[in-house]
Amino acid sequence: VSRKWKVAPTTINLGDDVLIREGALAVMAGPCSIEGEEQIAKTIEHLKSNGIRIMRGGVYKPRSSPYSFRGMGIEGLKIWHDHAREANIKIITEVMQVSQIEEMYDYIDIYQVGARNTQNFNLLDELGKVDKPVMIKRGISGTIDELLYSAEYVFSAGNERLVLCERGIRTYERASRNTMDLNAIPILKEKTHLPVVADPSHGVGIRHHVEPIALASIMAGADGIIYETHEKPEEAFSDGQQTLNFTESRQLIRKMKEVIDLR
Ligand code: PEP
Ligand code: MN
């Protein structure tokens, strides 16, 4: 995945004029967890009215506690897919294990590899054999080179439609959920031809700091932003503390458009 091997930046084409590429800004937004039909419909309405073409959401959730909400599973994904197809919205969702690759295939546009699975090498091997894009998040305590090696697993197995995502790393600092490593963005852009996306929601983990970290990520060179939004974040099944309501989300979209040409 090195720039030494391929100088031209990689463009990921999701169809219907939805691209993830250098020089543009791909925005992916949606809840942490898919919770039900009404939430799906309301989120899609919000995305549509703000020109966002890619919706995020988890149906298989990696939760620290086994007693927390762990997602609606494949049935939730099918309902989501029905609504998204109708609205011409693309889907990115987390795949947690090999058996889910095939299960999800018909209903998703991008497989997300979460921070807890960045070094699940068997999962990466199998994702190298599918013909759908994969976004790999940086490991919770993973180095930049480890993220690149994870991408290398998928790429060398045959799937070159890859996106990398900086989502914050675990450091000694406890004032924020994670430490957003803004340095990683220009460093990754220098090292690899793959698109680099930033996740300010998990990066800082505090709702009212998501906007400045998103804007800073764009200035650092991110090709895309993925963030969490929900009609009522305080009622969200997961990650409400870092989730923007629709008013905050709309404002972020407006500000992102303002800074995009300043890069
Ligand atoms: C998520 O995107 O909701 C998620 C679980 O992210 P991460 O893998 O970065 O923790
Ligand atoms: Mn989340």
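Residues numbered from 1 in each chain as written. Chains lettered and ligands numbered in written order. Predicted model: local features only at pLDDT ≥ 70, side-chain atom pairs only at ≥ 80, totals over all residues.

As annotated in an unreviewed UniProt entry, the chain carries the name 3-deoxy-7-phosphoheptulonate synthase and is attributed to Agaribacillus aureus.

Asks: Summarise the UniProt feature "domain: DAHP synthetase I/KDSA" (unreviewed entry) in the chain; cite the residues concerned and give the values.
Replies: Mapped onto the present numbering, the UniProt feature "domain: DAHP synthetase I/KDSA" (unreviewed entry) falls on residues 17–260. Within the segment residues 17–260, helix and strand shares are 39% and 15% respectively, and the terminal C-alpha atoms sit 19 Å apart. (UniProt positions renumbered as here; feature names shortened; annotations may be inferred. Helix = DSSP H or I, 4+ residues; strand = E, 2+ residues; numbered from the N terminus.)

Asks: Describe the packing of helix 8 (residues 207–219) against helix 9 (residues 246–259), naming the residues involved and giving the relevant values.
Replies: Put simply, helix 8 and helix 9 touch, their axes get as near as 10 Å, and they point 25 degrees apart. When the interaxial angle is binned, helix 8 and helix 9 end up roughly parallel. Between helix 8 and helix 9 the crossing geometry is right-handed. Between helix 8 and helix 9, the contacting residues are Glu211, Ala214, Leu215, Ile218 and Met219 on the first element and Leu252, Lys255, Met256 and Val259 on the second. Here the contact of helix 8 with helix 9 is composed, by residue class, of seven nonpolar, no polar and two charged. (Axes fitted to C-alpha atoms, helices over the stretch in contact; angles between N-to-C directions. Parallel < 35°, antiparallel > 145°, perpendicular 65-115°, else oblique. Left-handed = near helix turned anticlockwise from the far one by under 90°. Contact = placed C-beta atoms within 7 Å. Nonpolar A, V, L, I, M, F, W, Y, C, P; charged D, E, K, R; others polar.)

Asks: I'd love a proper account of the packing of helix 1 (residues 37–49) against helix 2 (residues 73–87), names of residues and values included.
Replies: Helix 2 packs onto helix 1 with a crossing angle of 25 degrees between their chain directions and a minimal axis gap of 10 Å. In terms of orientation, helix 1 and helix 2 fall into the roughly parallel class. Every pair of crossing elements has a handedness; the one defined by helix 1 and helix 2 is right-handed. Judged by residue contacts, Glu37, Ile40, Ala41, Ile44 and Lys48 of helix 1 engage Ile79, Trp80, His83, Ala84 and Ala87 from helix 2. Residues that form the contact of helix 1 with helix 2 fall into these classes: seven nonpolar, one polar and two charged.

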